[in-house]
Amino acid sequence: MNQTVTEKRPAKRGRETAARRTIKNLRWWILGWALVAGVVNYMDRSAISIAAPALIEELGLTRTDIGLLGTVFSWTYAFAQLPAGWLVDKLGARRMYFLAIAGWSIATALMSIGTTLWHFVTFRFLLGVTEAPNGPASARLTADWFPRSERGQATAIWDSGSKWGPAIAPPILTGIMIAFGWQAIFVFLGLLGIILAVAFYIFYRRPELHPAISDEELAHITSEAEKQDVGAAKVPWLKLFAHRQIWGMMAGFFCVIWIWNIFIVFLPLYLQEERGVSIAGSGWLAAIPYLGAAILGITGGWVMTRYTKASGLDALTAKRRVMSVAAVAAGILICLIPLVGDLTLAMIVMTVALGFVATMQAAAWAMPGDIVNTSQVASVGAIQNFGGYFGGAFAPLLTGIIADATGSYAPSFIIGGVIAALAAVAYMVLVRRPMAALKEDAR
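**A short note on the environment of Ala 107**
Topologically, Ala 107 is positioned in helix 5 (residues 93–110). In this structure, the C-alpha to C-alpha distance between Ala 107 and Phe 186, residues 79 residues apart in sequence, is 9.1 Å. With near-sequence residues (within four places) excluded, Ala 107 lies in contact with Phe 123, Leu 126, Leu 127 and Thr 130.

Below is the structure:
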C-alpha cells in the first residue's frame, strides 16, 4: 500500500520547486470544505421550515403536512445512508461530495416549482437521497486527513455545519422570502450548492495526492497510522449488523435525531404560534439556538479532546462519557422549554439544550473511527445515521399531529427530552469496545 501511495505522490523535488504553493496546516483548510458543505446542506433541509407559513397560507397545507415533509425526508435520508456510506468508502470523498452536493442542489431548486403536497413530497424524497452521502463523506474526509488524536475536534467543527446552517438560514431565507416570495428561497440555495460542488471537485484531493501539502504535515497525518486500526478489524459490510456496537450506535443516534428533527422542522412555527413572534422576528430568533449550538458543539469537541488526553482513557471511553453527560443535560433542558414562560429565558434554555445535542452529535460522528478499521469509517457512520433518521423520522409527523390536535408543542418537547436522555443508555451499555475486541458479539 505504501508503495502505491509513493508512486502516486508528486516527486519531492517537484514539491520543493513549488514550495511557495504549500499551504500551512492544509488539513484544517480541507476541513473547511466539509464545514461549508454542512452549512449548505442544513440550509437546504431547514428551508421548508422557513417557507412553511407561506405554504400553509398560499397552498393550504397543514402543520401535519409540514411534518409529513420532514418525515419523508428523514425516512428517505435514512435508507439512502446504507448505500451512501458504502459508496463513499468505494469511490472516495471527492467524487461523492461532488455528486451529492450537485444532486441535493437540483432537488432543492425543484421545490420552487411545487404547487401541491405531492410535488413537495417527491422533491423532499430526492433531497433525502442526495443529501445522504454528506455525513459519511465528512467522516471519511476526517479519517483521511486527521490522526485519531485530532478527530474529535475536527468532527465537532464539520458537524457544526448542521448548526451554522439552520442558524444563518432563518434571517437570510426569511429576508429573501419577504422580498421575493418563498420560491426564491429554493432557487437561491440551488445555485449556491452548484457553485460549491464544482469548487470542491476542483480543489479537493486525498493527502498523499494534494500538491499543496507539506512533507511535515503529511508525516503528522500518518504518524498514528499504525495504531489507528489496532483492535479494529475490517468486517464484511453485512456482518457489521451482527455486532451490538452497531445497534447501540443506531439506537443512540435515534435519540439524538428525534429531538433535532423537531427543531429543524418546527422551530419557526413554534416561535410564531406559541411565543407570539412575528414571521420577520422569528427569522432572527430562530437563528439564536443554532448559533449557540454551533459554538457549544465545537466547545464540546475541544472538551472531548482535552478530556481524552488528560484522563488517560482511550478515545472511545472518553467520547462515551462526554456523550452521556450531554444526553442527560440535554434531556432535562428540553423538557423545561415549554415550562418556561419568559421568552428570553426560554431562548436561553433552548440554546444550551441544543448545545448539548450538538456535543452528542459530534461525539457520535467521531466514534466510528474508534469502533472499526479506518477503511470502514464512512460505512459505520452511515449505518449509525440510518438508525438515527429512520427512527427520528417519526418526530416531525408526530409533532405535527399533536400540534394540530392540541394546539400545543409542549407534549412533543417533553417526549423529545426523555428520548434524548436515553442516548446515554445506548452508548454506555452497547458501545463499549472496538469490534475486534468483542468477538463474542459477532454472532
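Resuming the write-up.
**Some remarks on a nonpolar patch on the surface**
Together, Ile 414, Val 418, Leu 422, Val 425, Met 428 and Val 429 make up an exposed nonpolar region whose accessible area comes to about 490 Å². Those elements that place two or more of their residues in the nonpolar patch are helix 21 (410–421) and helix 22 (423–430). Here the element with the most residues in the nonpolar patch is helix 22; it accounts for three residues. Following the sequence through the fold, Val 418 ends up in helix 21.

**Things to note about helix 8 (residues 148–159)**
Taking 1.5 Å of rise per residue, the twelve residues of helix 8 would be expected to cover 16 Å, and the 16 Å separating its terminal C-alpha atoms lies within 8% of that figure. Within helix 8, ten of the twelve residues are buried, leaving the element largely enclosed by the surrounding structure. Among all positions in helix 8, only Glu 150, Arg 151, Gly 152, Gln 153, Ala 154, Thr 155, Ala 156, Ile 157, Trp 158 and Asp 159 are buried.

**Some remarks on the packing of aromatic side chains**
Under the definition given, this model contains 24 aromatic pairs. Between Trp 75 and Phe 394, the aromatic rings sit 5.1 Å apart at their centres with planes inclined by 85 degrees, giving edge-to-face as the arrangement. With Trp 75 in helix 4 (residues 63–91) and Phe 394 in helix 20 (residues 394–406), the pair connects residues that are 319 residues apart, well separated along the chain. Residue class for Phe 394 comes out partly exposed when judged on its relative accessible area of 38%. Their ring planes at 80 degrees and their centres at 6.2 Å tell us that Trp 182 and Phe 186 sit as a pair that is edge-to-face. Note that Trp 182 and Phe 186 are positioned in helix 10 (residues 182–203) at a spacing of four residues, about one turn of the helix. As far as the burial class goes, Trp 182 and Phe 186 line up, both buried. Here a set of aromatic residues connected by ring pairs shows up, and it is made of Trp 33, Tyr 97, Phe 200, Phe 203 and Tyr 204. The aromatic ring of Tyr 42 is capped on one face by Arg 45, whose charged end is 3.9 Å from the ring centroid. Over the aromatic face of Trp 260 sits the side chain of Lys 163, whose NZ or CZ is 5.3 Å from the ring centroid.

**Quick notes on the packing of helix 9 (residues 161–180) against helix 15 (residues 287–311)**
At a closest axis distance of 7 Å, the pairing of helix 9 and helix 15 adopts a crossing angle of 155 degrees. The orientation of helix 9 with respect to helix 15, classified from their angle, is roughly antiparallel. The handedness of the crossing between helix 9 and helix 15 is left-handed. Residues Lys 163, Trp 164, Pro 166, Ala 167, Pro 170 and Pro 171 of helix 9 form the contact with helix 15, whose participating residues are Ala 287, Tyr 290, Leu 291, Ala 293, Ala 294, Ile 295 and Ile 298. Taken together, the residues that form the contact of helix 9 with helix 15 break down as twelve nonpolar, no polar and one charged.

The rules behind these values
- Along each chain, numbering runs from 1 in the same order as the chain's sequence is written.
- Reporting of local features is limited, given that this is a predicted model, to residues whose pLDDT is at least 70; pairs of side-chain atoms are given and counted only at 80 or more, and all residues count toward the totals for whole chains, interfaces and linings.
- Side-chain numbers come from the whole structure's heavy atoms, not from hydrogens or water.
- Secondary structure is summarised from DSSP: a helix means a run of H or I of at least four residues, a strand means a run of E of at least two, and numbering begins at the N terminus for each.
- Working rule for contacts: check all heavy atoms of both residues, and any pair within 4.5 Å makes them a contact.
- Patch rule: a residue counts if its relative accessible area is over 30% and it has no salt bridge; like charges are joined within 9 Å, and nonpolar side chains (Val, Leu, Ile, Met, Phe, Trp, Tyr) within 5 Å.
- Residue exposure ignores everything except the shown protein chains as possible cover, and the areas themselves are Shrake-Rupley values with a 1.4 Å probe.
- Here a salt bridge means any side-chain nitrogen of Lys or Arg lying within 4 Å of a carboxyl oxygen belonging to Asp or Glu.
- The span you would expect from a helix comes to 1.5 Å times its residue count less one.
- Between buried and exposed lies partly exposed: a residue is buried under 20% and exposed over 50% of the maximum accessible area for its type, with that area taken using a 1.4 Å probe on protein chains only.
- We call Phe, Tyr and Trp rings a pair once their centres come within 6.5 Å, taking the six-membered ring for Trp, and we label the pair stacked below 30 degrees between planes, edge-to-face above 60, and tilted otherwise.
- Over a ring means this: the NZ of a Lys or the CZ of an Arg is within 6 Å of the ring centre and within 35 degrees of the ring normal.
- Axis lines are fitted to C-alpha atoms, over the contacting stretch for helices. Their N-to-C directions set the angle, which ranges from 0 to 180 degrees.
- By definition in this entry, angles of less than 35 degrees are roughly parallel, angles greater than 145 are roughly antiparallel, angles of 65 to 115 are roughly perpendicular, and the rest are oblique.
- In a left-handed crossing the near helix is turned counterclockwise from the far helix by less than a right angle, and in a right-handed crossing that turn is clockwise.
- Residue polarity is assigned by list, with Asp, Glu, Lys and Arg as charged and Ala, Val, Leu, Ile, Met, Phe, Trp, Tyr, Cys and Pro as nonpolar; anything else, Gly included, falls into the polar class.

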